[in-house]
Amino acid sequence: MRPVLFSLFPILVLLAGVACRKEPVRAPKADAASGHKDGEPPMTPSMTADAMTADATTADATPVTEPDMAPAPPPDPIESMTIPENPVDRARLYFEMGYGAAALQVLDGLTPEPLEKPEVQLLYCRAAELTGRLKQAVAAGEKAAKATDAGARALAHHCQARAHWGLKEHAPALRKLEAAIEAAPGELAFRLAHLQALLELKAKDALVRALGDALAKWPGQPSLLLLQGLSLEQAGARDKAHAVYEKLTGSDAVPAWVEAEAFDRMGLLWIQADPKRARDLLRRCRERVPQAACPRTELALSPPDPRHPERRIRNVTRPGRYGDTPLPPP
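Residues numbered from 1 in each chain as written. Predicted model: local features only at pLDDT ≥ 70, side-chain atom pairs only at ≥ 80, totals over all residues. Heavy atoms only, no water.

## Comments concerning the environment of L269
The criterion, for reference: Helical segments are the DSSP runs of H or I of at least four residues, strand segments are the runs of E of at least two, and each set is numbered from the N terminus. For every residue, the accessible area (1.4 Å probe, protein chains only) is compared with the maximum for its type, and the residue is labelled buried under 20%, exposed over 50%, or partly exposed between those bounds. Note on definitions: a residue-residue contact is assigned when non-hydrogen atoms from the two residues lie within 4.5 Å.
Topologically, L269 is positioned in helix α15 (residues 256-269). The exposure class of L269 is buried, given its relative accessible area of 12%. Sequence separation between L269 and A241 is 28 residues; the distance between their C-alpha atoms is 8.8 Å. Not counting residues up to four positions away in its chain, the partners in contact with L269 are E233, R238, A241, H242 and Y245.

In structure tokens form, the structure reads like this:
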């Protein structure tokens, strides 16, 4: 038995060596490296171009076109804005953008010689009035009113008038508005500001005189007619005020906001005496100026709504709430 084992031992060692030997890695075939199966011809350049052309079509065989590149949008004017080096121009830019405090900060850094110029003082007055520094605006407007140009003097007087009005100094404000009208008699804006101040002060006689002078110079001007209607309404002449307001309706030459205001004032004139007439005026207002409408007339004609946070009304009835004619649809 022992001789047989010794004779089999070399055979076992040989078999173990064969089993542990690794097989060498074979190089891939040329066909396998090119990605083709056996028997398939290699791809030629013409076939590649055909395949690319076929891939560049959609499902309905229409060629795919490359979208045109949209032009670059223009730069933002605010981001591309260049801040002027001149401090006066820089302050004017800040004021025109609504930064009154920044404009004042730049102007306060000027030396006395350029700061005392009338045009710079006018800019200082307007910037101070914008930021609520009314006393400084009055002082700067006094210096700006020494300008030789009549238009600049009128602007300075107007700036002073606004500052005086903000300080509740009504008499100086009226004097400054009259000075602005005297310096620039052809400017409607100063006339309107003067008439509005007289209307708020309820100076009836002075308002009638000023309105007569303005209407003689600008007959049929819509803003002046609106102020005339307000003055008649303030005097208690309802029919005359209605007639003046009626002139401002139905014409495309009248600005939309003036026509809407005229309709609204007419509706409020008749809200107590004739609710049906007020409803008809509201309907006409919605037809003519739907973008502006008549909010005060509509609010007065609508029923009270206690659920509204700003309308806590209890046991209140309004004219037209139970009328026969319902409110027109919005």
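## Things to note about unusual backbone geometry
Its identity is not glycine, yet K168 carries a phi of approximately 65°, on the positive side. Residue K168 is classed as exposed on the basis of its relative accessible area, which comes to 65%.

## Points about the nonpolar core
We apply this condition: In these notes, a set of buried Ala, Val, Leu, Ile, Met, Phe, Trp, Tyr and Cys residues joined through side-chain atoms within 4.5 Å is what counts as a nonpolar core.
If you look at the biggest cluster of nonpolar residues, it comprises 38 residues, and the most contacted ones within it are L195, L207, L224, Y245 and L248. When residues of this core are traced back to their parent elements, those giving at least two are α10 (170-183), α11 (188-201), α12 (204-217), α13 (222-234), α14 (238-246), α15 and α16 (275-288). When residues of this core are assigned to their parent elements, the largest contribution, 6 residues, is made by α15. Dropping the residues within four chain positions of it, L207 is found in contact with L195, L198, L199 and S231. Judged by nonpolar contacts, the second largest core, of 22 residues, contains A91, L134, A137 and A140.

## Quick word on the packing of helix α4 (residues 87-96) against helix α7 (residues 118-131)
As a reminder of what qualifies: Angles run from 0 to 180 degrees between N-to-C directions of axes, and those axes are lines fitted to C-alpha atoms, restricted for helices to the stretch in contact. By definition in this entry, angles of less than 35 degrees are roughly parallel, angles greater than 145 are roughly antiparallel, angles of 65 to 115 are roughly perpendicular, and the rest are oblique. By convention the crossing between two helices is left-handed if the near helix lies anticlockwise of the far one by an angle smaller than a right angle, and right-handed if it lies clockwise. Classification used: nonpolar for Ala, Val, Leu, Ile, Met, Phe, Trp, Tyr, Cys and Pro, charged for Asp, Glu, Lys and Arg, polar for all others including Gly.
For the pair α4 and α7, the least separation of the axes is 11 Å and the interaxial angle reads 30°. Judged on the interaxial angle alone, α7 and α4 are roughly parallel. Here α4 runs over α7; the crossing is left-handed. Along the contact surface, α4 presents V88, A91, R92 and F95, while α7 presents V120, L123, R126, A127 and L130. For the contact of α4 with α7, the class distribution of residues is 7 nonpolar, no polar and 2 charged.

Purely geometric numbers; function is a separate question.
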